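Structural overview for review
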Amino acid sequence: MAEKVILTGDRPTGRLHIGHYVGSLRRRVQLQNEGGYKDMFVFIADAQALTDNFDNPEKVRQNIIEVALDYLACGLDPSKVTIFVQSAIPELAELSFYFMNLVTVARLQRNPTVKTEIKMRGFGAEGEDAVFGSGLPVGFFTYPISQAADITLFKATTVPVGADQKPMLEQTVEIVRKFNSIYGDTLVEPEIVLPENAASQRLPGTDGKAKMSKSLGNCIYLGESAEEMHKKVMSMYTDPLHVNLSDPGHLEGNAVFTYLDAFCKDGHFAEFWPDYANLDELKDHYTRGGLGDVKCKKFLEKVLNSELEPIRARRKEFEKDIPSVFAMLQEGTAKARETAARTMDEVRSAMRINYFSDKALIEEQARKYSL
Ligand code: TRP
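This is a predicted model, so every value here is computed, not measured. (Residues numbered from 1 in each chain as written. Predicted model: local features only at pLDDT ≥ 70, side-chain atom pairs only at ≥ 80, totals over all residues. Heavy atoms only, no water.)

Let us look at the environment of Ser-87. Positionally, Ser-87 belongs in the loop between β3 (82-85) and α4 (90-99). A sequence separation of 68 residues divides Ser-87 from Gly-19, and the C-alpha atoms of the two residues are 25 Å apart. Not counting residues within four places of it along the chain, the set of residues in contact with Ser-87 comprises Asp-46 and Ala-47. A polar contact of 2.5 Å, which involves the side chain of Ser-87, links it to the side chain of Asp-46. (Helix = DSSP H or I, 4+ residues; strand = E, 2+ residues; numbered from the N terminus. Contact = heavy atoms within 4.5 Å. Polar contact = N/O pair within 3.5 Å; in protein donor to acceptor, adjacent residues only side chain to side chain.)

Structure (structure tokens):
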């Protein structure tokens, strides 16, 4: 068994929100604090963000610091975790280039995440069957290959991400197997680590829509103030059939209860709402009827605040010294490059392209010509 190496990353296209938090950040901090790993890497995937923001580099540039601040605010600790910037690791491009030989166009076309994203971003042609239209940039189409390089360059064993990343991990494992079977055992197969419960795997927006997204204006950001969050929680989507207090409430699609599923612990009831022992009791009352949405929202607000308040406070502290946050990123990047360089040496020798560091090759060629 390979030693445990944890790795994950985020695209810097906006500030991180509570969907990122329950989907992955919370788990990362837990993994960091449990210890027992050889290395842990968390990186800002700016090169990947450029695959669909190549025409808006300023957006990516402005969000490097936002993501770094969110990391530190959540409790990622640069003395335990190497935090780095993807584009500053040229070895990633090198490894991706060789991985391109190991993946067919047909296989990429079957990647469900890529398919959905192409449609979402309007890269595809019109119509269901024309997903891979002429407007699709090669860089975007092949980003699963570059993501496989992100993971394998650091020999990651453990990748904590949201469920939407599953196809990426599956494709990475295929690439590792193919690489190792052709060139010999070199790279490590990664395993995905998903969030604990279903609510955390895909937290809906405050409007109840399937995903939090900046363009829909339905996100609660990690760094936002208690006042901003208050407004959002109070206007959250609940149950349109729950009109009168006595009406039975429905949990399905009810964003307030989905958030409670993701955030609430029994201890929160003891602290903020001792009328109930746990979430099941609250749900029972709500579905029976006689419990208003506003009460549930107020409770949710307290629960969220108890988790987010320390994060906001830490973010404020780090915001006071931006240059040292950049210095932290630069140091992390230099450290990550050491690992990257080591793996690339192994890759080059496995692939038989280590011409100048391989004395045996020179001797062998010399012998051939001295016969
Ligand atoms: N695709 C991921 C996202 O959109 C970000 C990412 C890039 C990533 N490379 C990675 C995550 C490697 C984990 C491992 O969130």
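Next comes the rest of the write-up.
Per the counting criterion, the structure on display carries 15 aromatic pairs. Summarising the aromatic geometry, the rings of Phe-41 and Phe-154 are spaced 4.8 Å apart at their centres and angled 45 degrees between planes, so their arrangement reads as tilted. In this pair, Phe-41 sits in strand β2 (residues 39-44) while Phe-154 sits in the loop between α8 (143-153) and β4 (158-160), placing the two residues 113 residues apart along the sequence. By relative accessible area, Phe-154 is classed as buried at 2%. An aromatic cluster is defined as three or more aromatic residues linked by ring pairs; in this entry it consists of Phe-41, Phe-43, Phe-84 and Phe-154. Above the face of the Tyr-143 ring, Arg-11 is positioned so that its terminal group lies 4.7 Å from the ring centre. Above the plane of the ring of Tyr-221 lies Arg-15, whose end atom (NZ or CZ) is 4.6 Å from the centre. (Phe/Tyr/Trp six-rings, centres within 6.5 Å; stacked < 30°, edge-to-face > 60°. Buried < 20%, exposed > 50% of the residue type's maximum accessible area, 1.4 Å probe, protein only. Lys NZ or Arg CZ within 6 Å of the ring centre and 35° of its normal.)

A side chain of one charge can pair with a side chain of the opposite charge when the charged atoms of the two come close. Summed over all chains, the structure comprises 22 salt bridges. Linking Glu-91 and Arg-337 is a salt bridge whose minimum nitrogen-to-oxygen distance equals 3.2 Å. A residue pair is termed long-range when its members are at least 10 positions apart, and Glu-91 in helix α4 and Arg-337 in helix α16 (residues 322-350) qualify at 246 residues. Residue classification places Arg-337 among the partly exposed residues on the basis of a relative accessible area of 35%. (Salt bridge = Lys/Arg side-chain N within 4 Å of Asp/Glu carboxyl O.)

On to the side chain of Asp-293. Along the chain, the position of Asp-293 falls in helix α15 (residues 293-319). One buried charge, Asp-293, has no salt-bridge partner; the nearest side chain with opposite charge is Lys-297, at 6.0 Å. Of the polar contacts made by the side chain of Asp-293, one reaches the side chain of His-242; its length is 3.3 Å. Excluding its chain neighbours within four sequence positions, the residues that come into contact with Asp-293 are Thr-238, His-242 and Tyr-286. (Lys, Arg positive; Asp, Glu negative; His and termini not counted.)

Before going further, it helps to examine the layout of surface pockets. The computed volume of the second largest pocket comes to approximately 260 Å³. Forming the walls of the second largest pocket are 16 residues, and the residues nearest its centre are Ala-47, Thr-51, Ala-93, Ser-96 and Ser-146. When residues of the lining of the second largest pocket are traced back to their parent elements, those giving at least two are α2 (46-50), α4 and α8. Per-element accounting of the lining of the second largest pocket gives the leading share, four residues, to α4. For the lining of the second largest pocket, a count of residues per class yields seven nonpolar, eight polar and one charged. (1 Å grid on protein atoms, 1.4 Å probe; cavity = no way out; pocket = protein on both sides within 12 Å on 5 of 7 lines; lining within 4 Å. Points joined across faces, edges and corners; volume = space filled by probe spheres on them. Nonpolar A, V, L, I, M, F, W, Y, C, P; charged D, E, K, R; others polar.)

A surface patch of like charges, here negative, comprises Asp-266, Asp-280, Glu-281 and Asp-284. Looking at which element gives the most residues to the negative patch, the answer is helix α14 (residues 279-288), with three residues. Position of Asp-280 relative to the elements: it lies in helix α14. (Patch = residues over 30% accessible without salt bridge, like charges linked within 9 Å, V, L, I, M, F, W, Y side chains within 5 Å. Areas by Shrake-Rupley, 256 points an atom, 1.4 Å probe, with all protein chains shown as cover. Charge placed at Lys NZ, Arg CZ, Asp CG, Glu CD.)

Once that is clear, we can look at the side chain of Thr-152. Its location among the elements puts Thr-152 in helix α8. Only 2.7 Å separates the side chain of Thr-152 from the backbone oxygen of Ala-148, close enough to count as a polar contact. Leaving out residues up to four positions away in the same chain, Thr-152 has contacts with Leu-95, Phe-99, Thr-172, Val-176, Leu-187, Val-188 and Thr-343.

Taken together, 13 residues sit near the ligand, with Phe-43, Gln-48, Gln-147, Asp-150 and Gln-165 positioned nearest. For the ligand, a nitrogen atom lies 2.8 Å from a polar atom in the side chain of Gln-48. In isolation the ligand offers 360 Å² of accessible surface; the protein chains occlude 89% of this area. Those elements that place two or more of their residues in the shell around the ligand are β1 (5-10) and α8. Looking at the shell around the ligand, its residues break down into six nonpolar, five polar and two charged. (Near = heavy atom within 4 Å.)

What follows covers the nonpolar core. Among the nonpolar cores identified, the biggest contains 60 residues, and Ile-18, Tyr-71, Leu-222, Leu-260, Phe-263, Leu-282 and Leu-304 are the most heavily contacted of them. In this structure, this core is formed jointly by two domains, domain 1 (5-203 + 321-363) and domain 2 (226-317), each of which donates at least three residues. Residues contacting Phe-263, with those up to four places away along its chain left out, are Ile-18, Tyr-21, Val-22, Arg-26, Leu-203, His-268, Val-303, Leu-304 and Glu-307. Counting residues in each nonpolar core, the second largest holds 41 residues, with Phe-123, Tyr-143, Ile-151 and Met-168 among its members. (Core = buried A, V, L, I, M, F, W, Y, C linked by side-chain atoms within 4.5 Å. Domains from an automatic or database assignment.)

In short, shape yes, function no, at least from these values alone.
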